[in-house]
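Summary of structural features
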Amino acid sequence: MIFLRQDYTVNCYTTEWTVASLFVFLVIFLFALGFPLYLVFKLYRHRNELYHPKIRASYGFLYSRFRRGVEFWEVHEILRKTLLTGVMVYITSPILQIQFAMGVCMLSLSTLNLFEPQ
């Protein structure tokens, strides 16, 4: 029998555990990928009217801190944070975690210097 390390009363790979884990993975998937994709869809859909008062009242919190032309920067930041906190959990080797984090940080710094959002 395999048990969950944090709670030894939970048997892993049982029917109840599988159903619960499917729900958890669905929520994680929807939040980690669905939310940024929803924001990209909304910003792209209203790309020509982002500074209209009605649109700015709804979605302006995403891009009001940034200069014009880089309204999608907040989505970039959400994805960067998701990669550095959510994806690194699934990388088991510490060396690979360091390399992955360094790669994400270098890519983020490169895009920061390229787009200069602030």
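Residues numbered from 1 in each chain as written. Predicted model: local features only at pLDDT ≥ 70, side-chain atom pairs only at ≥ 80, totals over all residues. Heavy atoms only, no water.

1. Describing the overall build of the protein chain
Scanning the protein chain for helices and strands turns up four helices and two strands. For the protein chain, the N- to C-terminal ordering of α and β elements is β-β-α-α-α-α. Taking 118 residues into account, the globule formula puts the C-alpha radius of gyration at 13 Å, and the protein chain, at 19 Å, lies well above it. Its C-alpha atoms put the protein chain at 60 × 35 × 15 Å along the principal axes. Across the 118 residues of the protein chain, 24% fall into the buried class. Counted over contacts in the protein chain with a minimum sequence separation of 6, partners at least 24 positions apart contribute 38%. Accessible surface, the protein chain: about 9,100 Å² in total, of which carbon and sulfur atoms supply 69%. Separation of charge centres in the protein chain, based on 11 positive and 7 negative side chains, amounts to 8 Å. (Helix = DSSP H or I, 4+ residues; strand = E, 2+ residues; numbered from the N terminus. Rg over C-alpha atoms; globule rule 2.2 N^0.38 Å. Buried < 20%, exposed > 50% of the residue type's maximum accessible area, 1.4 Å probe, protein only. Contact = heavy atoms within 4.5 Å. Areas by Shrake-Rupley, 256 points an atom, 1.4 Å probe, with all protein chains shown as cover. Lys, Arg positive; Asp, Glu negative; His and termini not counted. Charge placed at Lys NZ, Arg CZ, Asp CG, Glu CD.)

2. A closer look at the nonpolar core
Ranked by size, the top nonpolar core spans eight residues in total: Leu-39, Leu-43, Leu-50, Ile-55, Tyr-59, Leu-62, Tyr-63 and Val-75. By residue number, the principal contributor to this core is helix 2 (residues 53–63), which donates four residues. The contacts of Ile-55, once residues within four sequence positions are left out, are His-46, Glu-49, Leu-50, Gly-60 and Tyr-63. (Core = buried A, V, L, I, M, F, W, Y, C linked by side-chain atoms within 4.5 Å.)

3. A few points about the side chain of Thr-111
Structurally, Thr-111 is set in helix 4 (residues 94–115). Leaving out residues up to four positions away in the same chain, Thr-111 has contacts with Trp-73, His-76 and Glu-116.

4. So, helix 1 (residues 15–45)
With 31 residues, helix 1 ought to run about 45 Å at 1.5 Å a step, and its terminal C-alpha atoms sit 42 Å apart, in line with that. Along helix 1, the largest kink reaches about 35 degrees and is centred on Gly-34; proline Pro-36 follows within four residues of it. Turning to helix 1, the residues buried within the fold contact helix 2 and helix 3 (73–87). (Expected span 1.5 Å × (residues − 1). Bend = angle between axes of the 7 residues up to and from the residue.)

5. Focus: the packing of aromatic side chains
Per the counting criterion, the structure on display carries three aromatic pairs. Note on Phe-31 and Phe-35: the rings are 6.1 Å apart at their centroids and 5 degrees apart in plane angle, and the pair reads as stacked. Within this pair, Phe-31 and its partner Phe-35 are both found in helix 1, separated by four residues, close to a single helical turn. Of note, Arg-47 hangs over the ring of Tyr-44, and the distance from its end group to the ring centre comes to 4.0 Å. One cation-aromatic arrangement involves Arg-68 over Tyr-51; the distance from NZ or CZ to the ring centre is 3.6 Å. (Phe/Tyr/Trp six-rings, centres within 6.5 Å; stacked < 30°, edge-to-face > 60°. Lys NZ or Arg CZ within 6 Å of the ring centre and 35° of its normal.)

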